[in-house]
Amino acid sequence: MPLIPMRGAARSAALAGALLLAACADRPPPAPEFRAERAWSYLNRQLSFGPRYAGNPGHRRQLAWLLEELRFRADTVLVQTFTARDADGKALELTNVVARFRPELKDRVLLVANWDTRRRADGSPEPLDRKFPVPGANVNASGVAVLMEMAELFRRQPPPVGVDLLLADGDDYSREVSMAGTRTFLARMPGYRPRYAVVLQGVADAAAQFPLDAAGAEEPARRMWDAARRLRYDSVFVPQPAPPAANQGPVLRAAGIPTVVVADREYGPLNMHWHAADDVPRYLRRETLGLVGRTLAETVYAETPAGEG
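The residue numbers shown here count from 1 along each chain, following its written sequence. Only residues with pLDDT of at least 70 are given local features in this predicted model, and only at 80 or more are side-chain atom pairs given and counted; all residues enter the totals for whole chains, interfaces and linings. Hydrogen atoms and water are omitted, and side-chain values are computed over all heavy atoms in the structure.

S.K.: Can you break down the pattern of salt bridges residue by residue, with the values?
M.R.: What makes a salt bridge here is a side-chain nitrogen of Lys or Arg within 4 Å of a carboxyl oxygen of Asp or Glu, nothing more. Considering all chains together, one arrives at 21 salt bridges under this definition. As a salt-bridge pair, Glu 149 and Arg 38 come within 2.7 Å of each other at their nearest N and O atoms. Highlighted residues: Glu 149 in helix α4 (residues 137-156) and Arg 38 in helix α2 (residues 36-48), separated in sequence by 111 residues. With a relative accessible area of 0%, Glu 149 lands in the buried category. Since its relative accessible area comes to 22%, Arg 38 is described here as partly exposed. A salt bridge links Glu 152 to Arg 155, with the shortest nitrogen-to-oxygen separation between them at 2.8 Å. Residue Glu 152 and its partner Arg 155 are both found in helix α4; the two are separated by 3 residues, about one turn of the helix. Between buried and exposed lies partly exposed: a residue is buried under 20% and exposed over 50% of the maximum accessible area for its type, with that area taken using a 1.4 Å probe on protein chains only. Taking the relative accessible area as the measure of exposure, Glu 152 reaches 3% and is therefore buried. Overlapping salt bridges, with partners in common, bring together Asp 107, Arg 195, Glu 219, Arg 222, Arg 223, Asp 226, Arg 229 and Glu 303 in one network. Helical segments are the DSSP runs of H or I of at least four residues, strand segments are the runs of E of at least two, and each set is numbered from the N terminus.

Below, the structure written as structure tokens:
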């Protein structure tokens, strides 16, 4: 059968289709769906253990749960046990959990959330409540819940670069014992230099707003806030800068790791629920977990492997 020459319109359409296919081939595959409902179940599972500070039964239950879940999902799980001392000199037995995905890759991203809760509710407006432990629904079962759902995404669809999840212990025990887990992680991983880190702290507030941390890594933060804007979450991921938060960010930056902080700065009116005895799910919203998780997944899955781009 003789070949029939293509007319101009048909030729143009074919060329446009070929260019579209080539462009799609160069793009990374889309991020898998972040399931807010599943992340919400992870948050409530943590609360079922009770307060999760060192020495309390809930602390042991939470650790066992983290190890069981992450050993199923991650390629490698590192356990970092260490000891800190409280203000009275009492020894605290603490454990970081580090879940690694694609550990063979040098180019990596670090995602961080502390899994312990405050021993005393020293942020409660009511003085009588300050003797009670913090339930830790938002601070920081929410951050852990997002990372646990991210682990499920990474299991189903490996990320384009290596990813490490740091579930830090002893970062929020008290004013005296603070960031012990993150400092231990850095000491145990000399020379560790990911592309950047993302810290999640208090990411489920029903009225959350996440400003840009003024000391944060400018380029990774821009990409993440741009992802939120594309997803139409820019009323929550707001572009206004805010002073550096008191969390893992300054510690990681001091170690030379560019760090993005996603942290709500006002949990309840005048921040009344932060480190408070009523840090409970009634003030939270699963949709907030979902939008944080989708933005984070969009950011990580858009990373370009070394040698590409």
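Next, the rest of the story.
S.K.: A description of the sheet that holds strand β8 (residues 259-263) should follow, citing residues and the corresponding values.
M.R.: Strand pairing requires that DSSP identify at least two bridges connecting the strands. A sheet is described by the order of its strands in space; here 6 strands give the open sequence β1-β2-β4-β3-β5-β8, paired in mixed fashion. What marks the edges here is a single partner per strand, and that holds for β1 (76-85) and β8. The sheet shows a mean angle of 20° between the axes of neighbouring strands, taken without regard to direction. Only heavy atoms enter the contact rule, under which two residues are in contact if any of them lie within 4.5 Å. Every angle, taken between N-to-C directions, lies between 0 and 180 degrees, and every axis is a line fitted to C-alpha atoms, over only the stretch in contact when it is a helix. Strands β2 (91-101), β3 (108-114), β4 (162-168) and β5 (196-201) of the sheet are contacted by α4, whose axis makes an angle of about 145° with β3. On top of the sheet, helix α8 (residues 286-301) reaches β3, β4 and β5; it is set at about 175° to β5, its chief contact.

S.K.: Can you tell me about the packing of aromatic side chains, naming the residues and giving the values?
M.R.: Between the rings of Phe, Tyr and Trp (Trp by its six-membered ring), a pair exists once the centres lie within 6.5 Å; its type follows the angle of the planes, with under 30 degrees stacked, over 60 edge-to-face, and the other angles tilted. Counted under the stated rule, the structure contains 7 aromatic pairs. For the pair Phe 154 and Tyr 301, a centre-to-centre distance of 5.9 Å together with 45° between the ring planes defines the contact as tilted. Separated by 147 residues along the polypeptide, Phe 154 in helix α4 and Tyr 301 in helix α8 bring together distant segments of the chain. The class for Tyr 301 is buried, based on a relative accessible area of 3%. Geometrically, the ring pair formed by Trp 225 and Phe 237 is edge-to-face, given 5.1 Å between the ring centres and 80° between the ring planes. Here the residue Trp 225 occupies a position in helix α6 (residues 218-230), and Phe 237 occupies one in strand β7 (residues 237-242), the gap between them amounting to 12 residues. Among the aromatic residues, those joined into a cluster by ring pairs are Tyr 42, Phe 49 and Trp 65.

Function-wise, these values are silent; they only describe arrangement.
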